[in-house]
Amino acid sequence: WYCGYPVDAILLTMPSLGYVATTSGAIHLANYYRDQLAETGIQEGAAGRAVHHALLPLSLATGTTAVGLATLAVSELVPIRMFGIFSAIGVVVSFLILVTLMPAALELFPPKLRVGRLAGSEGQDTDWRPMEDSTWWRVGEWITRHHALVTTACLLLMAGVGYGMTRVESSVQLMRLFSPRARIREDYRWLERKLGPLVPMEVIVRVDEGKCGLTFLERMELVGEIQQEIGRLDEVGSSLS
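Calculation rules
Residues numbered from 1 in each chain as written. Predicted model: local features only at pLDDT ≥ 70, side-chain atom pairs only at ≥ 80, totals over all residues. Heavy atoms only, no water. Helix = DSSP H or I, 4+ residues; strand = E, 2+ residues; numbered from the N terminus. Rg over C-alpha atoms; globule rule 2.2 N^0.38 Å. Buried < 20%, exposed > 50% of the residue type's maximum accessible area, 1.4 Å probe, protein only. Contact = heavy atoms within 4.5 Å. Areas by Shrake-Rupley, 256 points an atom, 1.4 Å probe, with all protein chains shown as cover. Lys, Arg positive; Asp, Glu negative; His and termini not counted. Charge placed at Lys NZ, Arg CZ, Asp CG, Glu CD. Phe/Tyr/Trp six-rings, centres within 6.5 Å; stacked < 30°, edge-to-face > 60°. Axes fitted to C-alpha atoms, helices over the stretch in contact; angles between N-to-C directions. Parallel < 35°, antiparallel > 145°, perpendicular 65-115°, else oblique. Nonpolar A, V, L, I, M, F, W, Y, C, P; charged D, E, K, R; others polar. pLDDT = per-residue confidence, 0-100. Salt bridge = Lys/Arg side-chain N within 4 Å of Asp/Glu carboxyl O. Expected span 1.5 Å × (residues − 1). Bend = angle between axes of the 7 residues up to and from the residue. Core = buried A, V, L, I, M, F, W, Y, C linked by side-chain atoms within 4.5 Å.

The next thing to look at is the overall build of the protein chain. Per the secondary structure count, the protein chain includes 7 helices and 0 strands. Along the protein chain, helices and strands appear, N-terminal first, in the series α-α-α-α-α-α-α. Scaling as 2.2 N^0.38, a compact globule of 241 residues should have a C-alpha radius of gyration of about 18 Å, whereas the protein chain reaches 29 Å, well beyond that. Viewed in the frame of its principal axes, the protein chain has a C-alpha envelope of about 95 × 50 × 30 Å. Taken across its 241 residues, the protein chain has 18% of its residues classed as buried. For the protein chain, long-range pairs separated by at least 24 residues make up 53% of all intrachain contacts whose partners lie at least 6 apart in sequence. By element, 64% of the accessible surface of the protein chain is carried by carbon and sulfur atoms, the whole surface being about 18800 Å². For the protein chain, the centre of its 21 positive side-chain charges and the centre of its 25 negative side-chain charges are spaced 6 Å apart.

Bringing the packing of aromatic side chains into the picture now. By the definition in use, this model includes 2 aromatic pairs. For the ring pair Y5 and F86, a centre distance of 6.1 Å and an interplane angle of 40° mean the geometry is tilted. Taken together, the residues span a long stretch of sequence, with Y5 in the segment before α1 (14-40) and F86 in helix α3 (residues 78-108) at a distance of 81 residues. Classification of Y5 by relative accessible area gives partly exposed; the value is 22%. Taking relative accessible area as the criterion, F86 reaches 17% and is therefore assigned buried.

With that out of the way, let us pick up the packing of helix α2 (residues 46-70) against α3. Contact pair α2 / α3: the axes reach a minimum separation of 9 Å and the direction vectors enclose 175°. When the interaxial angle is binned, α2 and α3 end up roughly antiparallel. Along its contact with α2, which presents A46, A47, V51, L55, L58, S59, T62, T65, A66, L69 and A70, the element α3 presents F83, G84, S87, A88, V91, V92, F95, L98, V99, P103, L106 and E107. Looking at the contact of α2 with α3 residue by residue, the classes come out as 17 nonpolar, 5 polar and 1 charged.

This part takes up the confidence of the model for the protein chain. Of the residues in the protein chain, 92% reach a pLDDT of 70 or more, and the chain-wide mean stands at 86. Mean pLDDT per element in the protein chain: helix α6 (residues 183-194) is the minimum at 88, and helix α5 (residues 147-165) is the maximum at 95.

This next bit is on the side chain of T62. Its place among the elements puts T62 in helix α2. Given the relative accessible area of 15%, T62 is considered buried. Apart from residues lying up to four places away in sequence, T62 is in contact with V91, V92 and F95.

Let's shift gears to the environment of T65. Among the structural elements, T65 can be located in helix α2. By relative accessible area, which is 34% here, T65 ends up partly exposed. Placed 117 residues apart in sequence, T65 and A182 show a C-alpha to C-alpha distance of 33 Å.

Turning to the pattern of salt bridges, a few remarks are in order. Evaluated as defined, the whole model comprises 3 salt bridges. Across the salt bridge formed by E229 and R232, the nearest N and O atoms sit 2.7 Å from each other. With a relative accessible area of 54%, R232 lands in the exposed category.

When the terminal C-alpha atoms of α3 are compared, their 44 Å separation across 31 residues agrees well with the 45 Å that a helix rising 1.5 Å per residue should span. At L98, α3 shows its largest kink, close to 25°.

Here we come to the nonpolar core. Membership of the largest hydrophobic core comes to 15 residues, with the highest contact counts inside it found for L29, Y33, L58, L98, M102 and L106. No other element matches the 6 residues that α2 contributes to this core. Among all residues touching L106, those that are not within four sequence positions of it are Y33, A47 and P111. Counting residues in each nonpolar core, the second largest holds 8 residues, with M82, F83, F86 and V91 among its members.

Written as structure tokens, this is what we have:
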């Protein structure tokens, strides 16, 4: 609204994208908060310490997401272009809200979590375990030991994806999302073969009463000529005025 751009069918999906991205960041921040409670056992100031630890990874995740969305600005399709621009802005704004509102809420209304400073400490009921005991820690150690192999595989994968990106085509055709043998695509082919293309386009001709000296008949003839010219285009199956 502030930019003067109307909401279209593609922009309607932008709130869902912002919601998912913000929820993902909130889950990570909540996990950092829980780890702080488990490691220190001190609830006061735990939200601030969680933000301190989470700020860099969350900033990198948000930044890469925003850059990825902003790259849609090079699209030839205006709705796709505007979706990328507005979504990138929305992700950044939601990140700022996340790192300010959520820590404040955790500090003012701390949740009751069953965690303690050390697993199994006396008088403390906890299900927290050291990070070194997790499966992902062992996966990380394996990657570290075989860093050359992992790096080579990732570079090859990136090269393959990069080559595939050169063959990507922008399209807003909904039918391309269905299988070639899907019933709906067969119905569409039958209708287009029997009736004509199913994607309509309207051309409105406005006549200025004060400046145009054409009579009503001449205006009808002008509309007829425009219809014939449009009908000669290869992209047009049929025309009607």
